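Descriptive structure summary
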Amino acid sequence: EPEVTQTPSHQVTQMGQEVILRCVPISNHLYFYWYRQILGQKVEFLVSFYNNEISEKSEIFDDQFSVERPDGSNFTLKIRSTKLEDSAMYFCASKGDVGMSSGANVLTFGAGSRLTVL
Amino acid sequence: AQRVTQPEKLLSVFKGAPVELKCNYSYSGSPELFWYVQYSRQRLQLLLRHISRESIKGFTADLNKGETSFHLKKPFAQEEDSAMYYCALTDTGNQFYFGTGTSLTVIP
């Protein structure tokens with residue numbers, strides 16, 4: 001079964017450093033997402049990406065964050081200058097299509113990248 | 001605005017007992033509702049969606065538009081059901097809103 005893969009599984013970084021989290025979505029999916037989950041809290045939407053541009057973003061997704069699909073397969077989340085409160089599990093997800101058909105509107109998640117900011 | 005509410009953070013039931021995980025939502029249109037499950041050390045995965053109207057692993061969930069609820073139910077809980085359960089909603093099919101999750105423990 002196709003999977004969304006994320007690297008690294010765990011990254012430890014110093015406050016102020018740049019971090020890039022990588023995701024390889026399912027190959028024929030068109031919609032890509034980043035979510036984060038701070039320990040013990042809910043899964044929070046960060047950003048959605050479609051047709052090579054951001055389609056929606058949350059208040060969390062400020063100027064420190066950016067996303068890119070550099071080569072048609074990877075989907076990256078960059079945090080420019082990490083803060084302590086960025087420590088969380090970051091989940092990538094992808095989706096094939098919108099609508100009511102089978103498989104549409106179904107998010108497939110990666111295993112997550114745990115970011116620890118010291 | 002809080003669109004998805006899961007009032008129970010923790011829920012424990014005995015094996016063989018019925019289980020109900022509550023989910024209420026607030027949305028004025030016609031959202032699509034989902035239950036996602038996260039087993040220990042595994043990724044979030046879809047359990048079921050309201051438009052499928054199917055039972056997965058013995059779980060069912062009925063969308064009640066009058067009560068704006070989408071509670072997840074299983075008549076006889078099993079130990080392997082122990083996991084974190086998230087109710088989720090999408091309006092446009094673009095953005096998805098998740099609840100805070102309910103951690104279910106099935107006691108042997």
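Residues numbered from 1 in each chain as written. Chains lettered and ligands numbered in written order. Predicted model: local features only at pLDDT ≥ 70, side-chain atom pairs only at ≥ 80, totals over all residues. Heavy atoms only, no water.

Thoughts on the sheet that holds strand β1 (residues 5–7) of chain A
Residue and element names in this part refer to chain A. Taking strand neighbours across the sheet as the criterion, the four strands line up as β1-β3-β8-β7 in an open arrangement whose pairing is antiparallel. In this open sheet, the two strands that pair with only one neighbour each are β1 and β7 (65–68). Across this sheet, the average inter-strand angle for adjacent strands is 15 degrees, counted without regard to direction. Pairing geometry for strand β3 (residues 19–24) and strand β8 (residues 75–79), over five bridges, is antiparallel. (Pairing = 2+ DSSP bridges. Helix = DSSP H or I, 4+ residues; strand = E, 2+ residues; numbered from the N terminus. Axes fitted to C-alpha atoms, helices over the stretch in contact; angles between N-to-C directions.)

Points about the interface of chain A and chain B
Each partner contributes residues to the interface: chain A has 28 residues there, and chain B has 21 residues. For the pairing of chain A and chain B, the buried interface totals around 1900 Å² over both sides, and the portion due to carbon and sulfur atoms is 50%. At the surface where chain A touches chain B, the tally comes to one salt bridge. Linking Glu3 of chain A and Arg43 of chain B is a salt bridge whose minimum nitrogen-to-oxygen distance equals 3.7 Å. At the surface where chain A touches chain B, the tally comes to five residue pairs in polar contact (both at pLDDT 80 or more). Secondary-structure elements contributing two or more residues to the side of chain A that touches chain B are β4 (31–37), β5 (43–50), β6 (53–57) and β9 (88–95) of chain A. Of the residues contributing to the side of chain A that touches chain B, the split by class is 14 nonpolar, 10 polar and four charged. (Contact = heavy atoms within 4.5 Å. Buried area = accessible area lost by both parts, 1.4 Å probe. Salt bridge = Lys/Arg side-chain N within 4 Å of Asp/Glu carboxyl O. Polar contact = N/O pair within 3.5 Å; in protein donor to acceptor, adjacent residues only side chain to side chain. Nonpolar A, V, L, I, M, F, W, Y, C, P; charged D, E, K, R; others polar.)

Treat this as a map of the structure, not an account of what it does.
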